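Structural overview
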Amino acid sequence: MSLLKISDEATDKIKEMLEAEENPSLFLRVGVKEGGCSGFSYGMGLDDDQKADDTILDFSGLKVVVDSDSAKYLYGVEIDYKDAGMGGGFTIDNPNAVASCGCGASFKVKGEEGKAEKCED
C-alpha cells in the first residue's frame, strides 16, 4: 500500500493553483493534526518550508510533502477532485478511518482518540 494517492484530476487542479502563485518553491503539503469533529483533521496547503524528516512524493511532476507525524494516518489515502459547481472540490478517502464527520474533513482511527472538538455547522 502506498503512502498516498492523488488522482490525475486533483493533480491537475493543484498544479493550476501552484502556477497561479508564481512561486517555483511552493509544493503541496498534506498532513493530519488532532482536532475536528471526529478527533483528527486533514490539512492540505501550499508550502515552501521543507523539513529534514518530511517524506517527499512526486505525482506527475507535482511535489507533495508529508510530515513524519502525519504519515502513519495517510497510508492508502486517496485524494480526488470533482469539478461539480458548488458541490465540487477536493475529496479524501481514508481506508484507515473507522468514523468520519459529515463534511469529511475529520476522522477517527482505531485505537486513537485524537482530540475531538465540537463541529461548527
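What this report covers is the structure whose coordinates are included nearby. (Residues numbered from 1 in each chain as written. Predicted model: local features only at pLDDT ≥ 70, side-chain atom pairs only at ≥ 80, totals over all residues. Heavy atoms only, no water.)

1. Describing the overall build of the protein
Quick note on the threshold: Counting from the N terminus, the helices are DSSP H or I runs at least four residues long and the strands are E runs at least two residues long. Only protein chains enter the area calculation, which uses a 1.4 Å probe; residues under 20% of their type maximum are buried, those over 50% are exposed, and those in between are partly exposed. We call two residues in contact whenever any of their non-hydrogen atoms come within 4.5 Å of each other. Note that accessible areas follow from Shrake-Rupley with a 1.4 Å probe, and for residues the cover is restricted to the protein chains shown.
On a plain count of helices and strands, the protein comes out with 2 helices and 9 strands. The linear arrangement of helices and strands in the protein, starting from the amino end, is β-α-β-β-β-β-α-β-β-β-β. Counting over 121 residues, the protein shows a buried share of 37%. Within the protein, residue pairs in contact and separated by at least 24 positions form 58% of the contacts whose partners lie at least 6 positions apart. Carbon and sulfur atoms make up 46% of the accessible area of the protein, which amounts to about 7400 Å² in all.

2. Quick notes on the pattern of salt bridges
As a reminder of what qualifies: The salt bridge criterion pairs a side-chain nitrogen of Lys or Arg with a carboxyl oxygen of Asp or Glu, the two atoms within 4 Å.
The full count for this structure, using the stated rule, is 5 salt bridges. One salt bridge connects Asp54 with Arg29, and the closest N-O pair in it is separated by 2.8 Å. Taken as a pair, Asp54 in the loop between strand E3 (40-47) and strand E4 (55-59) and Arg29 in strand E2 (residues 27-34) lie far apart in primary sequence, 25 residues in all. Neither residue differs from the other here; Asp54 and Arg29 are each classed as buried. Where salt bridges share partners, they join Arg29, Asp47 and Asp54 into one cluster.

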